[in-house]
Amino acid sequence: MQSIYFTPEHTGFREALREFLLREVAPFAEDCETNRQLPRQLWQKLGHQGLLGLHYPKSLGGGEKDFFHSICFLEELGRLGYVGIRVAIGVHSYMATTYLYRSGSDSLKQQYLPSAIRGEKIFALAMTEPDAGSDLNRITTTATADGDDHFVVSGIKQYVANGTIADCVIVVVRTEPARQAPGRGATGLSLLLVDMHSEGVTTKAIDTLGMWSADTAEICFDQVRVPAANLIGKRNQGFFLIMQCLQLERLAAGTMALGGVEHCLELTWQFLSQREVGHQTLSRYQALRHRMADHITELNAARQLAYHAAWLYEKGALPIAECSMLKLKATELATQVAKDCMQFHGARGYNSNHAIARIYRDCQAASIAAGANEVMRDIIAQSALDEGLKKPC
Ligand SMILES: Cc1cc2nc3c(=O)[nH]c(=O)nc-3n(C[C@H](O)[C@H](O)[C@H](O)COP(=O)(O)OP(=O)(O)OC[C@H]3O[C@@H](n4cnc5c(N)ncnc54)[C@H](O)[C@@H]3O)c2cc1C
């Protein structure tokens, strides 16, 4: 579909990228699933190709490309059909390193971002804890000042993608006791870049239902000494930085999910076009054609929402409602499409090693991660209803 958002340069970039991902990533995807993480060589290959820092400035080793190059990349990652792979890469490039880029000191950025962009240092983001997920005010991982030069970090983080392989993790820590401040979000939080090779850091893989390549893990910090210079943003003001960075996280998660929907529909249409039942292929049965037509319509509507949110983001806005709407719409569409496509495949789609079965078990995670979809509905209700129905731009 032609779009006002993409130039011929984007189209050329997308074509080359699609070819690269099919040649260099797809053949290793099943190994990533089995080993539950991406091998370091693959990270470095992506880095060498300039794909891990498309949106970062050249001065830090990035590609300094406009944001629609990233949209092409995120969609094409989704089209690979492996949620775990896209989450691992998405967390590194569009979630964890975002904090460092937005609010790290110049020397911290120079020290870590170029190697992250080259795929030499892998990043993770650790917010969630056993007793704190949607409610960040319940975070109990503490960072206590030890003189002027260090913090000492203690606590447990869970469900961290890239958790065992990461070299660096951006950790949300408590630097002040929580206050109940209704409407003000979480208080007393800060962000620290922690070197995962520090003494006192241990990890344990979590046996998730799907998304296996994402290396989801628990990280335990036991009296870990972290230089005070690794503080990202202002002390005790972490919540505001999280709210800024979460918009890119949701934009990336939603866009990747839409790439996944396209892949799932392609796979299914191929199957329906080949499988004969009665006197014709399944693709000629109106009941199935109409369901597929509904899904492709929803996909294209959701894409316009993604592109609009990306356009606002590129202009420097912080499109909170649009990013939440996209994340909600794209991840729920992905779940619905996976369910229908499994049905259309008949029994073979239910084989645990079939691509459709993998997509089906992988996709539910996206409705929970990056903020549960119920939370997205709360945000949308607050920003687009309580604060007045938004007029179209
Ligand atoms: C595969 C995967 C990867 C993840 N990767 C990371 C990562 O890299 N780093 C990280 O820090 N975290 C990660 N997470 C954790 C994720 O961010 C949290 O799971 C999410 O924020 C929800 O927190 P919770 O699981 O504690 O659910 P809870 O906060 O306990 O909520 C449970 C359920 O209650 C409902 N609910 C919550 N709030 C509301 C509300 N306001 N209104 C109505 N219903 C509500 C929702 O259905 C929600 O799923 C990942 C999760 C998954 C599944």
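Refer to the structure printed above.
Residues numbered from 1 in each chain as written. Predicted model: local features only at pLDDT ≥ 70, side-chain atom pairs only at ≥ 80, totals over all residues. Heavy atoms only, no water.

Q: Account for the packing of aromatic side chains, with residues named and values stated.
A: Applying the stated criterion to the full structure yields eight aromatic pairs. For the pair F67 and Y313, a centre-to-centre distance of 5.2 Å together with 50 degrees between the ring planes defines the contact as tilted. Here Y313 lies in helix α8 (residues 286-314) and F67 lies in helix α4 (residues 67-79), a separation of 246 residues in the sequence. For the pair F239 and F240, a centre-to-centre distance of 6.0 Å together with 75 degrees between the ring planes defines the contact as edge-to-face. The partly exposed category is assigned to F240, whose relative accessible area is 41%. Cluster of aromatic residues (ring-pair linked, three or more members): Y5, F6, F68 and Y307. The ring of F6 carries R14 above its face, with NZ or CZ at 5.4 Å from the centroid. (Phe/Tyr/Trp six-rings, centres within 6.5 Å; stacked < 30°, edge-to-face > 60°. Helix = DSSP H or I, 4+ residues; strand = E, 2+ residues; numbered from the N terminus. Buried < 20%, exposed > 50% of the residue type's maximum accessible area, 1.4 Å probe, protein only. Lys NZ or Arg CZ within 6 Å of the ring centre and 35° of its normal.)

Q: Can you lay out the pattern of salt bridges for me, pointing to particular residues and giving the numbers?
A: Considering all chains together, one arrives at 21 salt bridges under this definition. Note that R225 and D146 form a salt bridge whose closest N and O atoms lie 2.3 Å from each other. With R225 in strand β7 (residues 217-227) and D146 in strand β2 (residues 142-146), this pair connects stretches of sequence that are 79 residues apart. The partly exposed category is assigned to R225, whose relative accessible area is 45%. The class for D146 is partly exposed, based on a relative accessible area of 35%. It is possible to trace a salt-bridge network through shared partners that takes in R14, R18, E75, E76, R79, E262, E266 and R303. (Salt bridge = Lys/Arg side-chain N within 4 Å of Asp/Glu carboxyl O.)

Q: Provide a residue-level description of the side chain of R303, including the pertinent values.
A: Note that R303 resides in helix α8. Residue R303 is classed as buried on the basis of its relative accessible area of 13%. A distance of 2.7 Å separates the side chain of R303 from the side chain of E262, its partner in a polar contact. Residues contacting R303, with those up to four places away along its chain left out, are E75, L258 and E262. (Polar contact = N/O pair within 3.5 Å; in protein donor to acceptor, adjacent residues only side chain to side chain. Contact = heavy atoms within 4.5 Å.)

Q: Can you break down the site of the ligand residue by residue, with the values?
A: Around the ligand, a shell composed of 18 residues is seen, among which L125, M127, T128, S134 and Y159 lie nearest. Here an oxygen atom of the ligand and a side-chain polar atom of S134 are 2.6 Å apart. When isolated, the ligand has an accessible area of 970 Å², and the protein chains bury 64% of it. Contributing elements (two or more residues each) for the shell around the ligand: β1 (123-126), β3 (150-160) and α11 (373-386). Across the shell around the ligand, the residue classes break down as 13 nonpolar, three polar and two charged. (Near = heavy atom within 4 Å. Areas by Shrake-Rupley, 256 points an atom, 1.4 Å probe, with all protein chains shown as cover. Nonpolar A, V, L, I, M, F, W, Y, C, P; charged D, E, K, R; others polar.)

Q: Give a detailed account of the environment of P319, specifying residues and quantitative values.
A: Among the secondary structure elements, P319 is positioned in the loop between α8 and α9 (320-344). Accessibility expressed as a relative area gives 4% for P319, which makes it buried. Between the C-alpha atom of P319 and that of A309, which follows or precedes it by 10 residues, the distance is 6.4 Å. Ignoring any residue separated from it by four or fewer positions in sequence, one finds P319 in contact with Q247, A309, L312 and Y313.

Q: Could you give an account of helix α10 (residues 355-363), naming the residues involved and the relevant values?
A: Most of α10 sits out of view: seven of its nine residues are buried. Of all the positions in α10, only I356, A357, R358, I359, R361, D362 and C363 are classed as buried. Elements in contact with the buried residues of α10: α2 (29-35), α5 (83-103), α7 (238-274) and α9.

Q: Just give me the short version of the environment of Y82, but keep the residues and values in it.
A: Inspection of the secondary structure assignment puts Y82 in the loop between α4 and α5. Placed 253 residues apart in sequence, Y82 and T335 show a C-alpha to C-alpha distance of 14 Å. Not counting residues within four places of it along the chain, the set of residues in contact with Y82 comprises A29, E30, E33 and R358.

Q: Before we move on, can you summarise α5 with the specific residues and values?
A: Given a rise of 1.5 Å per residue, 21 residues ought to cover 30 Å, and the 29 Å separating the end C-alpha atoms of α5 matches this to within 8%. Largest kink in α5: about 50 degrees, centred on T97. Counting buried positions over the 21 residues of α5 gives 18, a clear majority of the element. (Expected span 1.5 Å × (residues − 1). Bend = angle between axes of the 7 residues up to and from the residue.)

Q: Can you explain empty space enclosed by the protein? Please cite residues and give values.
A: Counted under the stated rule, the structure contains one cavity of 30 Å³ or more. Lining the largest cavity are 14 residues, and of these R86, G260, A334, I359 and C363 lie nearest its centre. When contributions to the lining of the largest cavity are tallied by element, the ones reaching two or more residues are α5, α7, α9 and α10. Here the lining of the largest cavity is built from residues that sort into 10 nonpolar, three polar and one charged. (1 Å grid on protein atoms, 1.4 Å probe; cavity = no way out; pocket = protein on both sides within 12 Å on 5 of 7 lines; lining within 4 Å. Points joined across faces, edges and corners; volume = space filled by probe spheres on them.)

Q: Provide a residue-level description of the pairing of β7, including the pertinent values.
A: Taken together, the eight bridges between β3 and β7 define a ladder with antiparallel strand orientation. By the bridge assignment for β7, V152 is matched with R225. Taken together, the five bridges between strand β6 (residues 201-205) and β7 define a ladder with antiparallel strand orientation. Across the sheet, V201 pairs through a bridge with F221, a residue of β7. (Pairing = 2+ DSSP bridges.)

None of this, on its own, says anything about what the molecule does.
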